[in-house]
Amino acid sequence: MEQRKNFSGKPIISQLLNFIPRELVYRTAASHQANRYTKTFKTYDHLITLLYSVLSNCTSLRELSTAMLACEGKLNHLGIAYFPKRSTLSDANNRRSQKVFADIYYALLKNYRGLLSDSCPKKDVPDKLFIVDSSTVMLFSDVLKGVGRNPFNGKKKGGLKIHTLMQSSEDIPCLVNLTAAAQHDQTFLSQLKLPADSWLVFDKGYTDYHYYAALTAKDNFFVTRQRENAVYETVEELPIPDNAPDELLKDEHIHIVKEELKLCLRRVAWWDAKRNKCFEFITNNFEVPAETIAAIYKQRWQIELLFKRLKQNFSLQYFLGDSPNAIMIQVWVCLIAHLLLKIIQIQAKRKWAFSNLTALVRYHLMSYIRLFDFLKDPYSSFEKLSSKRIQQPQLFPT
């Protein structure tokens, strides 16, 4: 009988868990005393169980418990002795701090940061380019305070805001803060610690003139859009080169005075023909060309694609608990799963879309398939089988 090359002795989820060193989880749990007063369901068991839930897209504790019960014979591949009961998992989500899973994510990111860096940076995009933005996850109950006023009829829904900082070359969140949706985006700026000569891109929701001055004092640059009601004074119009693109409408030096603060900034007016709209960018850099300023701000869309990947490929519509701690734990586990799949996507020798890779892992989570061999050439076995003539046995041999 012909031997299949893609089959292995481990299911796909076990191959994913090889990227999570157990000592890393044990060390992080010990620093938080996360296993204190716990006999069986340790932090590692908790993490693996929630990773199974996120990757298989389970939407409730009952669904997760039933799915793991059906795979009880394969639990040894996950490194856990037994499947948890619903009450055990619910108590762990409420009792074990979400900070443990946050530190596990940051430790994994530090461990694999060298694999995530893009060796081919994009044109007109600095190497140390950081993007900051936030995304809101709506909740069915008002566990975390949502945005807006209370409705006259019905019950107000809650919301979780994911404040995110990512480096463009890594395409992975490097700093995350989970808060109620009602918290303003500007509060996240005080947590940012950027290296010197970095670029920071953000939208108009992060307008803070004092923070602009702080970035300039630390030799960092920023690019953002100007608000429509911004008050400024034009000092001089900067010369536009002859080879400048037609989209460049204006390049000028402006002053913004806010109480006792005076900012010397650069304002670039750029015409977008696709949207039939004029965009006005402001920055504290006067050296790079104006088209580079527009290209840097265009790179801000990268973080929107990040939020799209997280919300479309992981279960961020249904949560396994109704407490803020349980909700935040599930978000951190989604970020860990996203990090693992990005590592596999980068290491695969064939180009795979992230959504296709996630679907493959989800549908064959417990299948015995050698993942990287399949990702390298998924059609090899099929072509080998389909190219052979099938010998149909004769019903009445002569």
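Please read these numbers as outputs of a predicted model, since none were measured by experiment.

Some words on the packing of helix H4 (residues 61-70) against helix H5 (residues 86-95)
Axis separation between H4 and H5 bottoms out at 9 Å; the angle between their running directions is 125 degrees. Looking at the two axes, H4 sits oblique to H5. In the crossing of H4 with H5, the sense of the turn from one axis to the other is right-handed. The segment H4 lies against H5, with Leu 61, Arg 62, Leu 64 and Ser 65 engaging Arg 86, Leu 89 and Ser 90.

Focus on the packing of aromatic side chains
Under the definition given, this model contains 15 aromatic pairs. A centroid spacing of 5.0 Å and a plane angle of 40 degrees characterise the contact between Phe 281 and Tyr 297, whose relative ring orientation is tilted. Of the two residues, Phe 281 sits in strand E9 (residues 277-283) while Tyr 297 sits in helix H9 (residues 290-298), which places them 16 residues apart along the sequence. Take Tyr 297: its relative accessible area is 11%, and that puts it in the buried class. Three or more aromatic residues joined by ring pairs form one cluster here, namely Phe 202, Tyr 206, Tyr 209, Tyr 212 and Phe 222. Above the plane of the ring of Phe 354 lies Arg 309, whose end atom (NZ or CZ) is 5.6 Å from the centre.

A look at the sheet that holds E9
What the nine strands build is an open sheet, ordered E3-E2-E1-E4-E5-E9-E8-E7-E6; its pairing is mixed. In the strand order of this sheet, the two ends are held by strand E3 (172-180) and strand E6 (233-237), each with one partner. Direction aside, neighbouring strands of the sheet carry axes that sit 25 degrees apart on average. Pairing analysis gives ten bridges linking strand E7 (residues 248-258) to strand E8 (residues 261-272), with the strands arranged antiparallel. By the bridge assignment, Asp 251 is partnered in E8 with Val 268. Here helix H11 (residues 324-347) sits on the sheet in contact with strand E2 (159-167) and E3, set at roughly 165 degrees to E3.

Procedures and definitions
- Residues numbered from 1 in each chain as written.
- Predicted model: local features only at pLDDT ≥ 70, side-chain atom pairs only at ≥ 80, totals over all residues.
- Heavy atoms only, no water.
- Axes fitted to C-alpha atoms, helices over the stretch in contact; angles between N-to-C directions.
- Helix = DSSP H or I, 4+ residues; strand = E, 2+ residues; numbered from the N terminus.
- Parallel < 35°, antiparallel > 145°, perpendicular 65-115°, else oblique.
- Left-handed = near helix turned anticlockwise from the far one by under 90°.
- Contact = heavy atoms within 4.5 Å.
- Phe/Tyr/Trp six-rings, centres within 6.5 Å; stacked < 30°, edge-to-face > 60°.
- Buried < 20%, exposed > 50% of the residue type's maximum accessible area, 1.4 Å probe, protein only.
- Lys NZ or Arg CZ within 6 Å of the ring centre and 35° of its normal.
- Pairing = 2+ DSSP bridges.

So, to be careful, I would describe these as geometric facts and stop short of saying anything about function.
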